[in-house]
Amino acid sequence: MSGPLTGIRIIEVGHMLMGPYSTMLLADLGADVIKVEPPEGDIGRRISPHTIGGHNAYFASLNRNKKSIVLDLASGEGQRKLGDLVAGSHALLTNLRPSAIRKLGLTYTHLKRWNPRIVCVALTGYGLDSPYAERPAYDYVIQALTGIMALTGEPDGPPVKTGYSAVDNSAGIMGALGLVAKLLEGKGGQVDIAMYDVMLSQLNYIAGAWLNAREPARRMDRSAHPYIVPAQIFPTRDGWIALFITHDDFWRRFAQELGQGHWLTDPRFSTMDARRANRDLVLARSRQR
């Protein structure tokens, strides 16, 4: 398909989710993505019990708009064919373990002999040169290590993972961004993206509260926001409703819709700071409506 990346050729040596999702985003923007699979194929072809159009549904959801070839990169012939591909491509993205990336020659140091302007993106758990580089790094593991699980769920329950692969998807997005940024630089080189770093960066204001005010992160009842009130889910007769009143103008409209105009002049409710300080009362009144 056409798009802003039309004319850009990207090689993917990826599997499962993170790498394939990253290059799928680039293919959606028009890049010509060539997916290199081992003789046994991407393991993603065998994960889901569902099929669509003759493909495993899991695999199909991550590999649209791509071409696919089989190369045994552990063989001399596979390496020669990879070199031919690299010579005519703009970038290569992989999400194998660091040891496998180096063994198969998927770094800029190895590939620049065929194309000094090639951009090489490595998506790994902890970075290519981290002392933890070879430790297992699955979505679940990174959510646990970075505290994402500890922030998710009800206060009196166990830590909970997000309902989808938040780490793999987030790192995949960063991989696509890093690849495009390096292409714009026009020099070629290595882009090193760690799942762990990506998720730490997404703690942003939560981490900032601890680093600047020593405010510990905590799980909130019914998915409530720590600073904005009311901002959470509420039970109703036929299910749940999500309410998110981000600023005072929304609060004014909310109060008027509920016929509670007096809330606008009540000092306990009239400002964001006041509603945060009177969280329990605000939530109790909101539930009664």
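Preceding this paragraph is the structure being described.
Source: prediction; values computed, not measured.

A. Structural detail: the pairing of strand E10 (residues 239-244). In the sheet, strand E9 (residues 231-236) pairs with E10 via six bridges, with the strands oriented antiparallel. Counted as the bridge partner of alanine 231 is phenylalanine 244 from E10. Here E9 folds back onto E10 in antiparallel fashion, the turn holding two residues.

B. Quick peek at helix H1 (residues 18-28). The buried fraction of H1 amounts to nine of the 11 residues, a majority that puts the element mostly inside the structure. Listed as buried for H1 are Met18, Gly19, Pro20, Tyr21, Ser22, Thr23, Met24, Leu26 and Ala27. Glycine 30 lies just past H1 and shows a positive phi near 110°.

C. Looking closely at helix H13 (residues 279-288). All of the buried residues along H13 are Arg279, Val282, Leu283 and Ser286. End-on, the buried residues of H13 take up no more than an arc of 95°, which puts them together on one face. The exposed set on the far side of H13, more than 90 degrees from its buried face, consists of Asp280 and Gln288. Close packing links the buried residues of H13 with E9, helix H11 (248-257) and helix H12 (272-277).

Cut-off values and rules
- Residues numbered from 1 in each chain as written.
- Predicted model: local features only at pLDDT ≥ 70, side-chain atom pairs only at ≥ 80, totals over all residues.
- Heavy atoms only, no water.
- Pairing = 2+ DSSP bridges.
- Helix = DSSP H or I, 4+ residues; strand = E, 2+ residues; numbered from the N terminus.
- Buried < 20%, exposed > 50% of the residue type's maximum accessible area, 1.4 Å probe, protein only.
- Arc of directions from axis to C-beta.
- Contact = heavy atoms within 4.5 Å.

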